[in-house]
Amino acid sequence: MSDFAERARQLHGRAVVWDAHACLPLHPDADLGVLRRHHAAGATFVSVNVGMDMNPLPQVLTVLASFRAQLRARPELFVAAETAADVERAKVEGKLAVAFDLEGALPLCGRPEMVQLFYDLGVRQIHLAYNRNNEVAGGCYDEDVPLSPLGRKIVRAVHAAGMFMDVSHTGHRSSLEIMAMGLGPVIFSHANPRAIKDDRRNATLEQIEACAATGGVVCVNGVGRFLTDPKAGTPAILDAIDWLVERIGPDHVGLGIDYSYPANGLDDEPPGLDRDHWWPRREGYGAGLGGIRIAAPEQLPEITEGLLARGWPEADVAKILGGNMLALARRVWKPSRPGADGPPGWSG
Ligand SMILES: [Zn+2]
């Protein structure tokens with residue numbers, strides 16, 4: 001191994017590596033053990049999706065129950081991440097920290113207090129609309145609408161709970177209004193600059209700068225469709241990172257690879273799903289998400305080596321790999337249960 005490759009290997013091993021979004025089949029029989037691939041690739045933390053706007057609440061809840069049970073059943077591999085300290089402990093113990101995310105507000109059933117309930121169940125990140133408009137906010141592949149009055153209440157509930165307010169998949173105007181509310185950091189958990197790939201799912205410079213101004217982080221997406229390389233090769237991911245760091249600096253960039261683990265024969269499609277509604281043909285989609293290539297977790301070490309090769313300082317690379325998101329979790333995530341990791345004076 002060359003000195004350079006060895007330096008990259010050591011940095012990757014030392015760094016907290018944070019993948020802000022990954023998908024498993026949304027089926028309670030899905031095996032969380034597949035996340036060993038993330039673990040083997042040096043990930044410290046991964047946010048696992050438990051539902052999108054098209055998934056009925058019974059599906060979301062049974063998946064969440066199953067994934068929580070599987071985390072508890074494998075303490076030798078997993079840490080159920082409730083706080084930033086849990087992620088740091090996973091790093092020290094050589095385990096993979098896992099928390100959950102929601103893509104869309106429909107599982108909240110129009111009730112802002114559902115945010116705290118999901119928080120108590122391990123959900124640490126939510127965006128309010130998945131590609132299409134709903135009663136709460138606009139989606140990126142729909143008419144550009146403002147945040148609704150209910151949406152404003154839900155944004156307040158997300159910040160109050162200490163959950164990451166995410167604006168991936170969200171419409172342009174709604175996302176800017178969420179960030180303009182000024183209630184705390186807002187993230188793009190998995191999105192790329194529209195300047196490198198013109199797709200309404202990618203973020204404009206205005207959105208990117210607004211996100212950074214909240215103290216938030218833009219996590220680069222590994223989906224080929226949203227990169228300059230449909231095969232999702234590592235150089236295209238590095239190009240997206242370079243573009244962002246040059247504009248908003250190394251403190252506001254992270255990774256949200258968006259890898260989708262194979263279905264392994266599980267059918268997780270909600271009954272009557274209208275694929276063209278959620279992934280419109282007029283936006284260049286085929287039948288759903290088939291044929292779209294996504295970067296694999298195994299590319300995480302290549303990202304570290306590539307960033308060093310492009311001349312970014314080790315300290316900046318460590319921030320991009322996960323230091324920025326860990327710092328944000330320290331600032332935003334609150335202890336879920338009194339006494340669990342609470343501020344002085346809390347008692348159970
Ligand atoms: Zn997504």
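Before reading further, recall that the structure is shown in the block above.
Conventions used here
Residues numbered from 1 in each chain as written. Predicted model: local features only at pLDDT ≥ 70, side-chain atom pairs only at ≥ 80, totals over all residues. Helix = DSSP H or I, 4+ residues; strand = E, 2+ residues; numbered from the N terminus. Rg over C-alpha atoms; globule rule 2.2 N^0.38 Å. Buried ≥ 20, exposed ≤ 12 C-beta atoms within 10 Å, placed from the backbone. Axes fitted to C-alpha atoms, helices over the stretch in contact; angles between N-to-C directions. Parallel < 35°, antiparallel > 145°, perpendicular 65-115°, else oblique. Left-handed = near helix turned anticlockwise from the far one by under 90°. Contact = placed C-beta atoms within 7 Å. Nonpolar A, V, L, I, M, F, W, Y, C, P; charged D, E, K, R; others polar. Pairing = 2+ DSSP bridges. Right-handed = clockwise from strand over helix to strand, strands pointing away. Core = buried A, V, L, I, M, F, W, Y, C linked by C-beta atoms within 7 Å.

In this section: the overall build of the protein chain. From N to C terminus, the protein chain includes twelve helices and ten strands. A compact globule built from 348 residues should have a C-alpha radius of gyration of about 20 Å, and the protein chain, at 19 Å, falls within 12% of that. C-alpha extents for the protein chain along the principal axes are approximately 55 × 50 × 45 Å. For the protein chain, buried positions account for 52% of its 348 residues.

So, on to the packing of helix 1 (residues 3–14) against helix 11 (residues 300–309). Packed helices, taken two at a time, are described by the angle their axes make and the gap between the axes. Where helix 1 meets helix 11, the axes come as close as 9 Å, and the angle between the chain directions of the two elements is 125°. Classified by the angle their axes make, helix 1 and helix 11 are oblique. The handedness of the crossing between helix 1 and helix 11 comes out as right-handed. Residues A5, R7, A8, L11 and H12 of helix 1 form the contact with helix 11, whose own contacting residues are P301, T304, E305 and L308. In terms of residue class, the contact of helix 1 with helix 11 is built from five nonpolar, two polar and two charged.

Bringing the pairing of strand 4 (residues 96–103) into the picture now. Of all eight residues making up strand 4, eight are buried, and the element is well covered by its neighbours. Because side chains alternate across strand 4, one face comprises the buried residues L96, V98, F100 and L102, and the other comprises A97, A99, D101 and E103, equally buried. Of the strand pairs in this sheet, strand 2 (residues 45–52) and strand 4 are connected by seven bridges, and their pairing is parallel. For V48, the partnering residue across the bridge sits in strand 4 and is F100. Here strand 3 (residues 78–80) runs beside strand 4; their pairing, made up of three bridges, is parallel. Residue pairing across strands places A80 opposite V98, the latter belonging to strand 4. Remark: the strand 3/helix 4 (residues 84–93)/strand 4 crossover connection has right-handed handedness. By the bridge criterion, four bridges tie strand 4 to strand 5 (residues 123–127) in an arrangement that is parallel. If you follow F100 over to strand 5, its bridge partner there is V123. Once the chain exits strand 4 it traverses helix 5 (residues 114–120) before rejoining the sheet at strand 5, and the crossover so formed is right-handed.

Let us look at helix 7 (residues 172–180). All buried positions along helix 7 are accounted for by S174, S175, E177, I178 and M179. Buried positions along helix 7 lie against helix 6 (149–161), strand 6 (164–166), strand 7 (186–187) and helix 8 (205–213). Backbone geometry just after helix 7 places G182 at a positive phi near 70°.

Assignment of secondary structure puts L64 in helix 3 (residues 57–73). For the pair L64 and L26, spaced 38 residues apart in sequence, the C-alpha to C-alpha distance is 9.1 Å.

Here we come to the nonpolar core. In this structure, V98 and V218 are the most contacted members of the largest nonpolar core, which totals 104 residues. Per-element accounting of this core gives the leading share, nine residues, to helix 12 (residues 314–332).

With that settled, the discussion passes to the environment of I257. Position of I257 among the secondary structure elements: in the loop between strand 9 (253–256) and strand 10 (259–260). A count of 28 C-beta atoms within 10 Å places I257 in the buried class. When the C-alpha atoms of I257 and L300 are compared, they prove to be 8.9 Å apart, with 43 residues separating the residues in sequence. For I257, the contacting residues outside a window of four places in its chain are D19, A22, G222, A295 and P297.

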